[in-house]
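Letter by letter, the chains look like this.
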Amino acid sequence: MPSMSTWALFCLLGRVSRICTGPQGLQTRTLLSPGMAATVVQVAGRKDCPALLPLNENELEEQFVKGHGPGGQATNKTSNCVVLKHVPSGIVVKCHQTRSMDHNRKLARKILQEKVDVFYNGENSSVNKEKREAEKKKQARKKRAKETLEKKRLFKKLWESSKNITEKITDSESPKRFPE
């Protein structure tokens, strides 16, 4: 049997991906394939989800508006709220979760990336898959709790019935005293 060269083995495997953790826990996935340059796709902080669609910076419109909510003058006078618009889909994201404009920009891009994924992939998007899995887990927990409660009720009935039976037996075995 002829031995396979390393390049042939690599071609046979097809695409290989490598996950690298960058600053602040952001993960990037590098897709490697023969004859192509490596492309880096940002993953929105999840280790097990597939790569989301990359956002092209040319397709984004970014604005900085004044903040809102609790915090008084520190948030209401500074323009650290990020409004990010994806022009091809028309999706707009407004992010004012922290006081830092840079952190809000990163968070807005993550949120927009997930919303664009839902827009283009619909039911097959990773966000919808996670929601379905969470709903299944919730239903399973609910079912287990219901079964446990039913078992407790049955056990309580059996306990009470066995207690009543033992009381009847002890009453019938004890000698009856007649008043003198």
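Residues numbered from 1 in each chain as written. Predicted model: local features only at pLDDT ≥ 70, side-chain atom pairs only at ≥ 80, totals over all residues. Heavy atoms only, no water.

- For the protein, an unreviewed UniProt entry supplies the name Mitochondrial translation release factor in rescue and the organism Nannospalax galili.
- Heading Sequence similarities (unreviewed entry) of the UniProt record for the protein holds this comment: "Belongs to the prokaryotic/mitochondrial release factor family." (UniProt positions renumbered as here; feature names shortened; annotations may be inferred.)

**Here we look at the pairing of strand 6 (residues 91-95)**
Walk down a regular strand and you will see the side chains alternate between the two sheet faces.
Argument step 1. Burial along strand 6 is one-sided: the residues Ile91, Val93 and Cys95 are buried and none of Val92 and Lys94 is.
Argument step 2. The pairing of strand 5 (residues 81-86) with strand 6 spans five bridges and is antiparallel. Residue pairing for strand 6: Val82 is matched across the bridge by Cys95.
Argument step 3. The turn joining strand 5 and strand 6, which pair antiparallel and follow one another in sequence, is formed by four residues; a positive phi near 80° is taken by Gly90. (Buried < 20%, exposed > 50% of the residue type's maximum accessible area, 1.4 Å probe, protein only. Helix = DSSP H or I, 4+ residues; strand = E, 2+ residues; numbered from the N terminus. Pairing = 2+ DSSP bridges.)

**Side note on a positive patch on the surface**
Argument step 1. A surface patch of positive charge is lined by Lys137, Lys138, Arg141, Lys142, Arg144 and Lys146.
Argument step 2. Along the chain, Lys137 turns up in helix 4 (residues 126-173). (Patch = residues over 30% accessible without salt bridge, like charges linked within 9 Å, V, L, I, M, F, W, Y side chains within 5 Å. Areas by Shrake-Rupley, 256 points an atom, 1.4 Å probe, with all protein chains shown as cover. Salt bridge = Lys/Arg side-chain N within 4 Å of Asp/Glu carboxyl O. Lys, Arg positive; Asp, Glu negative; His and termini not counted. Charge placed at Lys NZ, Arg CZ, Asp CG, Glu CD.)

**Comments concerning a nonpolar patch on the surface**
Argument step 1. Side chains of Leu53, Phe119 and Tyr120 sit close together on the surface and give an oily, nonpolar patch of about 300 Å² of accessible area.
Argument step 2. Assignment of secondary structure puts Phe119 in helix 3 (residues 101-121).
Argument step 3. When its relative accessible area of 47% is taken as the criterion, Phe119 is described as partly exposed.

**Considering the environment of Asn80**
Argument step 1. Summarising the element assignment, Asn80 is placed in the loop between helix 2 (73-76) and strand 5.
Argument step 2. For Asn80, a relative accessible area of 6% corresponds to the buried category.
Argument step 3. Distance from Asn80 to Asp102, taken between C-alpha atoms, is 8.4 Å for residues 22 residues apart in sequence.
Argument step 4. For Asn80, the contacting residues outside a window of four places in its chain are Val65, Gly67, Cys95, His96, Thr98, Arg99, Met101 and Asn104.
Argument step 5. A distance of 3.4 Å separates a polar atom in the side chain of Asn80 from a polar atom in the side chain of His96.
Argument step 6. There is a polar contact of 2.7 Å between the side chain of Asn80 and the backbone oxygen of Arg99. (Contact = heavy atoms within 4.5 Å. Polar contact = N/O pair within 3.5 Å; in protein donor to acceptor, adjacent residues only side chain to side chain.)

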